[in-house]
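Close look at the chain arrangement
The primary structure of each chain is shown beneath.
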Amino acid sequence: MQNLSGVLNSKGFKQVTQGLDAFFGSVSVARRFRVAIDKSAYDLGTWANASGLSVTWDTCEYRSGDKWNHPLIYPGIPRYQRIKLSRAACGDSQTVQEWLQATARENEPLTGAVALLDWIGQATVTWELREFFPVGWGISEFNAAGGQVAMETLELVHTGFLNDGFAPGQPGATAPQAPGTKG
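These remarks concern the structure in this document. Keep in mind that this is a model prediction, so the values were computed, not measured.

Focus on the pairing of strand β9 (residues 151–157)
One ladder, built from six bridges, connects strand β6 (residues 83–88) with β9; its direction is antiparallel. Looking across to β9, one finds that L85 is bridged to L154. The sheet contact formed by strand β8 (residues 123–139) and β9 spans six bridges and is antiparallel. By the bridge assignment, F133 is partnered in β9 with V157.

What follows is the structure, given as structure tokens:
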């Protein structure tokens, strides 16, 4: 019988992982996220916590003259929360500092992605962020007596992760038409 390291280092690795995926299902481990910036030398590494990946829509109501008692409701402007990332300070924290320094000098909105990783480290779900930039960074208090891990936090704003065709710079982006008008 072949040892486990021999199996993992051989061509059969793909078969083993497919078999494990069939048994366990292709699931993501919620404690592993990777944050990367497109067109940049900065890979912000993996993070332990990510919050704020959500969207809500304003609602638009239209009442026509002959049906005042029956309003038509349409989705309005999407609103995206700020993304808050945290992890134990590590070697990737220096890369974040370099990115923050570069951003402070020339604040150009960038594109990038937050990817949820599976048990092997492969992305299972990716949220592509448009026009994002940092709005906050911090590190927990240093206390030698406490013996706690120093936690780094990063906060990002963005214009969205949905490919809805309305974001600036997207191909085919057009303004939505008002109800009852022809486009």
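Structural notes on the packing of aromatic side chains
What the rule picks out here adds up to two aromatic pairs. Considering the side-chain rings of Y80 and F161, the 5.1 Å spacing of their centres and the 70° angle between planes classify their relative orientation as edge-to-face. Of this pair, Y80 sits in strand β5 (residues 72–80) while F161 sits in the segment after β9, placing them 81 residues apart in sequence. By the burial criterion, Y80 is buried, and F161 matches it. Look at W99 and F132: their rings are 6.2 Å apart centre to centre, the planes differ by 55°, and that puts the pair in the tilted class. Placement of the pair is W99 in helix α3 (residues 92–105) and F132 in strand β8, with a sequence separation of 33 residues. Its relative accessible area of 1% is what places F132 among the buried residues.

The rules behind the values
- Residues numbered from 1 in each chain as written.
- Predicted model: local features only at pLDDT ≥ 70, side-chain atom pairs only at ≥ 80, totals over all residues.
- Heavy atoms only, no water.
- Pairing = 2+ DSSP bridges.
- Helix = DSSP H or I, 4+ residues; strand = E, 2+ residues; numbered from the N terminus.
- Phe/Tyr/Trp six-rings, centres within 6.5 Å; stacked < 30°, edge-to-face > 60°.
- Buried < 20%, exposed > 50% of the residue type's maximum accessible area, 1.4 Å probe, protein only.

Purely spatial values, then, with no claim about function.
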